[in-house]
Every structure is written in structure tokens, then in C-alpha cells.
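Chain residues, written in single-letter form:
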Amino acid sequence: MEKIKKSFQTRKFKSASYSFGIIAVALAIAILFNLVVQALPATLTKIDLSFNQMYSLTETTENFVKGLSEDIMIYVVCQTGGEDEDVMEMLQKYQALSSKIRVETVDPVLHPTFTSEYSEEAVTSGSLIVVSEKRFKIIPYQDLYEQTLNTSTYRYDVTGFDVEGQLTSALNYVTTDELPIVYQLEGHGVTELSSTLSDLIAKNSMELQNLNLLSAGGVPEDAACLFINMAANDLSSDEAKQVIAYLEQGGRVFLVDASDGKERPNLNSVLEHYGVKLVTGYAIETDTAHFLRPYANYLIPEIKYHAITDGMEEDYLLLGNAGGISEAENTRTSVKVTPLLQTTEGGFLRSMENASLQSISMTEGDIAGPVTVGVAVTETYQETETRLAVFSSPTLTSDSANMQVSGNNYKLVMNGLSWLCGLDSSIAIDAKSFSMDYLQISANATNRWTIITVVVLPVLCLGVGFVVWIRRRRR
């Protein structure tokens, strides 16, 4: 027994006890630290290292959410434990920005009648229901991820993450006092807006409705804007008078011309009443940095500063087969026509008679540039302001052209609608793509970097090597 007692008093035992105590304290600190970290929000514990900040909120969303003044409830409809981790992390980030946002998971198995308060149809598992005192909005789970049809397999592939876009749009929708209604003109051979653009308009908390002037007898009083997209056939004289009457009462019109060379005198009379004249022909660009090579009629126009183009000065747009826009004669002094998009000084408007020519040199009948292909119009009369946005290229509302410039064409459309409807700015957030975007470099920049990498850098390296060689020889 005495021997056992002495073993506990040895220096070796004391050293081991000290080490064990240090390890126990370290383990306790590590466990406590992990418990504290787990209790912290995801915004403080996780870093988004994805190439396009896939799981981070944009500055637009942050500013909007921080400014919320009313309580918002977000219900996550799914079985307990079956939540999408990526979606839940994004919701935590919204909560961290505003105390007005609450998130609650509702298990449809435990509460089978809950969703019937918001929809007569079944709500898919994983969907979000965003509720305010004014209204609510259901975000189906499938809309939280962008899906694209694979033409090889004829199946839909998940190509993007759209939680921020859908949720910020829903928050804007449920908190806006009055939703602006955009009426899309029907008939007259107009091209219906694509589902992509229509969804983007809805995403920006605008209601899109169809309008037949003949049956409606005019533009409804609740119209925030009238959208005329590539009317192939002319308006009747009565319909033109109805549109003018709407504009004179402070109406707003967004017009995209079909630019097909056809005469539409009644539609043109509406535009000329507000100082805008459409000139038939096709804008041609001679500066290789300002067209989609080898197609000189597919412009990458110069962007002029305006509320519509604010923040887009360095962006690329793609406008194909654009006609010309000029200021009409004898325009009222109260009407202000502001160019938004133009060719360079070297651009010109090719006449319809010369449309078949392949040359990018001016010939007889062509009109020297710069050619204006987009304008904004305002007129204030007796404290009533009328606004128009007019563009002369049919590819402005084309999905394919929009994709070639990474969504900038539709960004311009949304900015235009926001300006026409009197909204501060567009808060529609694009889906975060799982694929990497291609770097867009102009022709001049391509030539410049080719010279630098192929000629300048090799010559510079050879020069430095030669200098080092000379110095070593002299030693």
C-alpha cells in the first residue's frame, strides 16, 4: 500500500497529471468553442468561395432587406429534417439582415391543411410562402433552381441557383403598396414577350396583362405602362388616337420597332406627336469594336447616360437590324428627346434600296451617322409628365441576343420599365449560374492583348536575358 502511495507522489505521475489536466481543459475549450460557433448564424461561420459568389447576397438585396419596415413571415413547407441546406442558409442570411423577417418550417404531414390558406392546389415540398399584411406569394421549390432543357437528352438540367432572385422579388411583391400594371398590346402582328422576359417583369413585382385596344376601347386607367413589341401591322386611326389620349394624361409607353421597312403611318403618328420619327433602313457599324463580327448590322452601340442606362455605361448590348430614330420636325418645345443608344461617328443608316449590299461602306442613298437606335422622351404639361422609351431593334427583346450579352439587353428593358413606371430602380436579381461566363473582349482589346502576349512579352524576356548574358560575359 505504501508503495502505491509513493507512486502517486513521483515526478513522473505529477507530470502526467499536469499533461492530462491540460488536455482535458483544451478539450473542454474546443467543445465549448464548437457549441458557440454552431449557434452563430451562417453569415459569420461560412465563407462563400464559389467563383460567382453563388451563396452570397448582392448589395441590392442587402440594401432592400435592411430597409424593410413591416413584418415578414417566410414559411418553409417540408417535413422536419428534409430542408434544403443551401436554401436554409440563404434564409439565415436574410434573417441576419433584418429583424423584420421570421422563418418557420411547416411540416405538411403534421399540418396537412396549412397550405390551403394560400393555395387551392398542392404546394410542392420545399416551397416557400412569403407573407406580409398586404399579400402573400408562393415560391415553388422548382423555381429556386434554374433549369434549362438539354436538347441532347431532352431533359431539364439544373443550371443555376435562384433563391436570392426569387426571394428578393417576393419580398418586394408583398411589401409594395401598389403593383404597377404593364399592359402588353395584342393583335397587329405583335411579337409576344418571351416567357424569360415575362418572368423577369413579374420578378420585378410588375403585373403583365394583355390588352386589345379594339375590345377595351382604350388604355385602362390603371395602366402604369403600355408595351408595344414589334407590331408588324399598323394601328387603326382610332387606336392611335386612343394611345395619344392615354399619353396626354401622363401615360407611359415602351415601344420596340419591328424594323422591317414597312410603313405604319398611324403608329408613327403617335411617335411623331412626341417628337420621334422612325427612319426605315438598317444601321451599319464600321468600327469593329462596335459590332458582332462579321455582322456589321448587329450593333454593340455606344450607351449614353440617362436614368435608364445608369450603371450600364461599361456594359455590352446587342442590337441587330436596327432602324434609325430621328427627332421629328416642328416638335413642341415642351418635348425632350434624349438619345440613349447610338452607333459611332463612322456608322451609317443603310437605305432599304441598298439592304442587299454586303459592303460596310456608304453608298448613294445611305444616311451618315451616328445613327440613334434608342431614345427616351419626356413632356411635362400642367404638372403631368408623359414618358416614352423607343428602340428600333427587334433583337432587344430576343432571348438569344440577350444571352449573348449576359442578360444586358433585358437589364436595359427592365431599367426602362422601372423608369416609365416611376420605380426607383429595378431590383430583379439574376439567377446565379452554375456554369462560368465567358469573358467578353472587344476586337480592339483582342488585338491589343495579342500584340502584348505574342510580341511585346517575348521580346521583353529576350531583351532581359540578353542584358544578363552580356553582364555575365564582362565579369
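The structure under discussion appears in the preceding block.
In short, a report on the structure. Please read all numbers here as calculations on a predicted model, not as lab measurements.

1. Description of the side chain of Ser259
- Counting through the fold element by element, Ser259 comes out in the loop between β10 (252-256) and α10 (265-273).
- The buried category is assigned to Ser259, whose relative accessible area is 8%.
- Within the structure, Ser259 has its side chain in polar contact with the backbone nitrogen of Gly323 (distance 3.1 Å).

2. A few points about the pairing of strand β8 (residues 207-211)
- Judged from the 5 bridges that link them, strand β7 (residues 181-185) and β8 form a sheet pairing that is parallel. What sits directly across from Tyr183, in β8, is Gln209.
- In the classification by handedness, the crossover that spans β7, the intervening helix α7 (residues 195-203) and the parallel β8 is right-handed.

3. Some remarks on the nonpolar core
- Counting residues in hydrophobic clusters, the biggest one holds 38 residues, and the most contacted among them are Phe254, Leu341 and Leu417.
- Secondary-structure elements contributing two or more residues to this core are α7, β9 (223-229), β10, β18 (335-342), β21 (372-381), β22 (384-391) and α12 (408-421).
- In terms of residue count, the dominant contributor to this core is α12 (8 residues).
- Within the second largest apolar cluster, 32 residues are counted, among which are Leu213, Leu271, Val335 and Val375.

4. What to know about the pattern of salt bridges
- Under the definition given, this model contains 10 salt bridges.
- Asp315 is paired through a salt bridge with Lys411; the nearest N and O atoms lie 3.3 Å apart. Of this pair, Asp315 sits in the loop between β15 (302-303) and β16 (319-320) while Lys411 sits in helix α12, and the two are 96 residues apart along the sequence.
- With relative accessibility at 22%, the residue Asp315 sits in the partly exposed group.
- On the basis of relative accessible area, Lys411 is assigned to the partly exposed category, the value being 34%.
- The residue Arg387 makes a salt bridge to Glu385 at a minimum N-O spacing of 3.1 Å.
- Here Arg387 falls in the buried class, since its relative accessible area comes to 16%.
- Take Glu385: its relative accessible area is 27%, and that puts it in the partly exposed class.
- Shared partners join several salt bridges into a network, and the residues in it are Glu70, Lys134 and Asp177.

The rules behind each value
Residues numbered from 1 in each chain as written. Predicted model: local features only at pLDDT ≥ 70, side-chain atom pairs only at ≥ 80, totals over all residues. Heavy atoms only, no water. Helix = DSSP H or I, 4+ residues; strand = E, 2+ residues; numbered from the N terminus. Buried < 20%, exposed > 50% of the residue type's maximum accessible area, 1.4 Å probe, protein only. Polar contact = N/O pair within 3.5 Å; in protein donor to acceptor, adjacent residues only side chain to side chain. Pairing = 2+ DSSP bridges. Right-handed = clockwise from strand over helix to strand, strands pointing away. Core = buried A, V, L, I, M, F, W, Y, C linked by side-chain atoms within 4.5 Å. Salt bridge = Lys/Arg side-chain N within 4 Å of Asp/Glu carboxyl O.

Everything listed is a geometric property; what it means functionally is a separate question.
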